[in-house]
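The lines below spell out each chain.
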Amino acid sequence: MSLFLIVFVVFVFHIQFLCQLLWTGEYSFNFFGWKSEYLYSQHIAQQTLFFSLMCLITLVCGYFLKRKKIRIEDRLESSVEINVSKYVPALNVLLIIQIFITLFVILKGHGNYHAMVSTRENMNFFFELRIFPILLFVFVFCGIPVKEWSNRIYRKSLYLFCIMFFLFVIVQARSLVFEMGCVLGYYYLRKTNNKLKLKYILFLYLISIIPNILVLGRLSSEQVDLSNSDTWRNIFTYEYSLLFNNILSESIVTTKDFLYGKTIFSSIGLLFPSFVREFLGISIDKTFISDVAQDAGVFGGSFSLLAEMYLNFGWGAIMAFGVLGYFLGYIDNLFFNYKQISLKASAVPLAYSYLVLAFRNDFAVCLKQLIQLLIIIYLIEFISRIKIKSTI
């Protein structure tokens, strides 16, 4: 099921739109009054579709090349037995700190979305610290059976986690809510051994159209006519797929000299907090991708992972998605194949959320998050060893 979500994302962002365009021959697009069109020829649309399909196929092949699925009762023993309860006090403290940080954003922004976004961006470093409590939460609660959740030791942590999740929803931080959703989803899939079921597919599809339903609340009664077939077609339409395909097609049309990773390494300064970058004078160069996006008529900050990989490696990017699939298979093995997950395996839901979101952003952000996640894992392990030695 974890693989299916990524297949679904690529299908929604790229493949379904191109198939519809080539089948109907309609290049114009109307979404609740917003009119746009696909800017390229049918030949380029065919190339874009073929590239998208090949990237997806190699990703799936890479995943199954590495993934070794085993039954729950045959899960492997961990090399080290860990008493997760000793991490609960630190987990509770970190959850409380994150709750107060989020409450501060809500109160300072007076509940106004734009004001809260501005405040959160100014406090981005503190929001990055949410990785600590989320990581420990996965580690602790995947290390105990559900029947122990009612134990007083763990119940407080569960309440605090729910409060933090609720506050993230109030702040309308979609990426943070998605991270939390991946945590809960991965926990559930671990209990069901990551099986793909029809009800999960239907649930995922319904979730994917929720943003379109929310758009209805912002429109006038004249624009929202449920007796009109166009209204229903808009509800079940993914308008951003047009934007991502314009970006990918622009990359295919205009890229002559491939960048071989420049779009990623030019943003390596993202590893440092914003105040450190300002102090050291480190700049982030995103002109490579912003120029392509603007030439494709997209002015919103979003990008396409497929387009970025094409900018860097051309048709060789297809193999890069095979490597990505292999990595996904590796982290799923870590999470699903052991009776007790390690601290490194606890990072899998977060790493997965970063990779999924990378399909609508540039990869540098995802790489920064993965490196930060790895640093935090080693930091927690280092602190744990020091505490153990001090008690001996």
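We now turn to the structure provided with this report.

At their nearest, the axes of helix α16 (residues 305-313) and helix α17 (residues 317-336) sit 8 Å apart, and the two run at 125 degrees to each other. When the interaxial angle is binned, α16 and α17 end up oblique. The handedness of the crossing between α16 and α17 is right-handed. Contact residues: L305, L306, M309, Y310 and F313 in α16; A317, A320 and F321 in α17. Of the residues that constitute the contact of α16 with α17, the class distribution is eight nonpolar, no polar and no charged.

Counted according to the given criterion, the structure contains 22 aromatic pairs. Seen from their ring centres, F127 and F168 are 6.5 Å apart, and the 40 degrees between their planes marks the pair as tilted. With F127 in helix α5 (residues 124-128) and F168 in helix α7 (residues 152-171), this pair connects stretches of sequence that are 41 residues apart. The same class applies to F127 as to F168, namely buried. Centroid distance Y186 to F335: 5.1 Å. Interplanar angle 85 degrees. Geometry classified as edge-to-face. Pair noted here: Y186 is in helix α8 (residues 174-192) and F335 is in helix α17, with a separation of 149 residues, a long-range link. Accessibility expressed as a relative area gives 2% for Y186, which makes it buried. The class for F335 is buried, based on a relative accessible area of 0%. Grouping aromatic residues by their ring pairs yields a cluster made of F50, F51, F258, Y260, Y310 and W315. A cation over an aromatic ring shows up here: R190 above the ring of F335, its NZ or CZ 5.9 Å from the ring centre.

Here is what the cut-offs are and how they apply
- Residues numbered from 1 in each chain as written.
- Predicted model: local features only at pLDDT ≥ 70, side-chain atom pairs only at ≥ 80, totals over all residues.
- Heavy atoms only, no water.
- Axes fitted to C-alpha atoms, helices over the stretch in contact; angles between N-to-C directions.
- Helix = DSSP H or I, 4+ residues; strand = E, 2+ residues; numbered from the N terminus.
- Parallel < 35°, antiparallel > 145°, perpendicular 65-115°, else oblique.
- Left-handed = near helix turned anticlockwise from the far one by under 90°.
- Contact = heavy atoms within 4.5 Å.
- Nonpolar A, V, L, I, M, F, W, Y, C, P; charged D, E, K, R; others polar.
- Phe/Tyr/Trp six-rings, centres within 6.5 Å; stacked < 30°, edge-to-face > 60°.
- Buried < 20%, exposed > 50% of the residue type's maximum accessible area, 1.4 Å probe, protein only.
- Lys NZ or Arg CZ within 6 Å of the ring centre and 35° of its normal.

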